[in-house]
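# Residue-level structural notes
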Amino acid sequence: MDRKDDGVYRAGFACFVGRPNAGKSTLTNAIIGQKIAITSNKPQTTRHIIRGILHRPDAQLVLVDTPGLHRPRTLLGERLNDLVRETWSETDVIGVCFPADEPIGRGDRFISAEVGELKAKVIAVVTKVDLVNPQTLAQRLLTVSQLYDFAEIIPVSAVSGHQVENLIDAIVRHMPESPQLYPDDIITDEPEQVLIGELVREAALEGVREELPHSIAVIVEEMQVEGKLTKIFADIYVERDSQKSIVIGSRGARLKEVGSKARVQIEKLLGTKVYLDLHVRVAKEWQRDPKQLRKLGF
Ligand SMILES: Nc1nc2c(ncn2[C@@H]2O[C@H](COP(=O)(O)OP(=O)(O)OP(=O)(O)O)[C@@H](O)[C@H]2O)c(=O)[nH]1
């Protein structure tokens, strides 16, 4: 269908949901065209809800990036699940992501049943199609079609860009008629500090074998702009001394590397030179402690 068929301006909120690692963040980035949500090949690395806004002549699409819904084991896990459901209840269109390279499992059925309860339009998105052959893809599409009465089922590859435009068209088609929700020049309404914190977190997780994602949080304590230089002071929180050593590395080598990788990304984000000061701190069992969670923004 041609995107301007009905001549109506549409605007609304959409989010991608799905099991951890389903490709939600990568898809969000592919649609918005700028790196706004962190991705990693480890499950559950998305913490904050980061909105990206796509502006088109006929529509404005506000994308919300949520963490994956999962079986909660800690207080943090429960809060994350609540956050996901809260986001779901506020969106117009939900894209449920099913990675094409993995069989449909209990988690997928669980999520499909949950979204069935909502008033949002629900689209199935079969992700990572570049990883499978046509037979596997056909099988996946069939299984997905039997899970729930989805408004549409769209196979995409965020990496190759295959069908991403079609997906955007489909989301827009199911959005309500509405005036513009945000001014033209905004692509995200997340505070800069949060985005910077996410970039530091991404760099700190890179190449770490251990299951650290849940144990790292980053807080930007201070930002000072001095002419063309932005000075940023951030704390990386871990749960245990052993994790602190992993992040810092031998004689601080790893932390230095984390700092320079993050700095490059932050300079791209801000468009200024950046001085980045990182400290690693231990906040014992922060995931189970309500006070620590509040301090860390959960
Ligand atoms: N080949 C291929 N890989 C992809 C594609 N989309 C995502 N990936 C990879 O799959 C992994 C997970 O992607 P994410 O976008 O972080 O997944 P997510 O659903 O946001 O994950 P959580 O934050 O854990 O919920 C990353 O290693 C991505 O590079 C795709 O279209 N093709």
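Every residue gets a number counted from 1 within its own chain, in the order that chain's sequence is written. In view of the model being predicted, local features appear only for residues whose pLDDT reaches at least 70, and side-chain atom pairs are presented and counted only at 80 or more, with totals across whole chains, interfaces and linings using the full set of residues. Hydrogens and water molecules were not included; the side-chain quantities draw on all heavy atoms of the structure.

## A word on the sheet that holds strand β8 (residues 229-238)
Stated formally: Any two strands with at least two DSSP-identified bridges between them are counted as paired. The secondary structure listing takes helices from DSSP runs of H or I that are at least 4 residues long and strands from runs of E that are at least 2 residues long, numbered from the N terminus. Every angle, taken between N-to-C directions, lies between 0 and 180 degrees, and every axis is a line fitted to C-alpha atoms, over only the stretch in contact when it is a helix.
With respect to topology, three strands assemble into an open sheet ordered β7-β8-β9, the strand pairing being mixed. A strand with exactly one partner marks an edge of an open sheet, and here the two such strands are β7 (217-226) and β9 (273-282). When the angles between neighbouring strand axes are averaged without regard to direction, this sheet yields 15 degrees. Looking at chain direction, β7 and β8 are connected through nine bridges and run antiparallel. Bridge assignment links Val225 to a residue of β8, and that residue is Thr230.

## Observations concerning the pattern of salt bridges
The cut-off we apply is this: Salt bridge, as used here, is a side-chain nitrogen of Lys or Arg placed within 4 Å of a carboxyl oxygen of Asp or Glu. When accessible area is computed with a 1.4 Å probe and restricted to protein chains, residues below 20% of their type maximum are described as buried, those above 50% as exposed, and intermediate ones as partly exposed.
Taken as a whole, this structure holds ten salt bridges when the rule is applied. Between Asp108 and Arg19 there is a salt bridge, and its shortest N-O distance comes to 2.5 Å. Taken together, the positions of Asp108 in helix α3 (residues 106-115) and Arg19 in the loop between β1 (10-18) and α1 (24-32) put the pair 89 residues apart, joining distant regions of the chain. There is no split in this pair, since Asp108 and Arg19 are both buried. Among the ionic pairs, Asp169 bridges to Arg56, the shortest N-O distance being 2.8 Å.

## Notes on helix α4 (residues 134-147)
Stated formally: What a helix should span is 1.5 Å times the count of its residues minus one. By construction, the arc corresponds to the directions joining the helix axis to the C-beta atoms.
Compared with an ideal rise of 1.5 Å per residue, which puts 14 residues at 20 Å, α4 spans 20 Å between its outermost C-alpha atoms and is within 8% of the ideal. Turning to α4, its buried residues are Leu137, Arg140, Thr143, Val144 and Leu147. Down the axis of α4, the smallest arc covering the buried residues is 130 degrees, so these residues share one side. The outward face of α4, more than 90 degrees from its buried face, is lined by the exposed residues Pro134, Gln135 and Gln146.

## Regarding the pairing of strand β4 (residues 93-99)
Most of β4 sits inside the fold, with seven of its seven residues counted as buried. Alternating positions in β4 separate into two faces, Val93, Gly95, Cys97 and Pro99 on one and Ile94, Val96 and Phe98 on the other, with burial throughout. In terms of strand pairing, β1 meets β4 through five bridges, oriented parallel. The residue bridging Cys15 from the neighbouring strand is Ile94, located in β4. By the bridge criterion, seven bridges tie β4 to strand β5 (residues 121-127) in an arrangement that is parallel.

## Thoughts on the environment of Pro99
To keep it simple, the criterion reads: Working rule for contacts: check all heavy atoms of both residues, and any pair within 4.5 Å makes them a contact.
Mapped onto the elements, Pro99 comes out in strand β4. Classification of Pro99 as buried rests on a relative accessible area of 1%. A C-alpha to C-alpha distance of 4.7 Å links Pro99 and Thr127, two positions 28 residues apart in sequence. Apart from the residues within four sequence positions on either side, Pro99 is in contact with Arg19, Ala22, Thr127, Lys128 and Arg140.

## As for the packing of helix α6 (residues 192-205) against helix α8 (residues 253-270)
Using the following cut-off: Crossing handedness: left-handed means the near helix sits turned counterclockwise from the far one by under a right angle, and right-handed means the same turn made clockwise. Note on residue classes: Ala, Val, Leu, Ile, Met, Phe, Trp, Tyr, Cys and Pro are nonpolar, Asp, Glu, Lys and Arg are charged, and everything else, Gly too, is polar.
Packing of α6 against α8 brings their axes to within 8 Å, and their N-to-C directions diverge by 145 degrees. Crossing hand, α6 versus α8: right-handed. For the pair α6 and α8, the contacting residues are Glu192, Leu195, Ile196, Leu199, Val200, Ala203, Ala204 and Leu205 in the first and Arg254, Val258, Lys261, Ala262, Gln265, Ile266, Leu269 and Leu270 in the second. Grouping the constituent residues of the contact of α6 with α8 by class yields twelve nonpolar, one polar and three charged.

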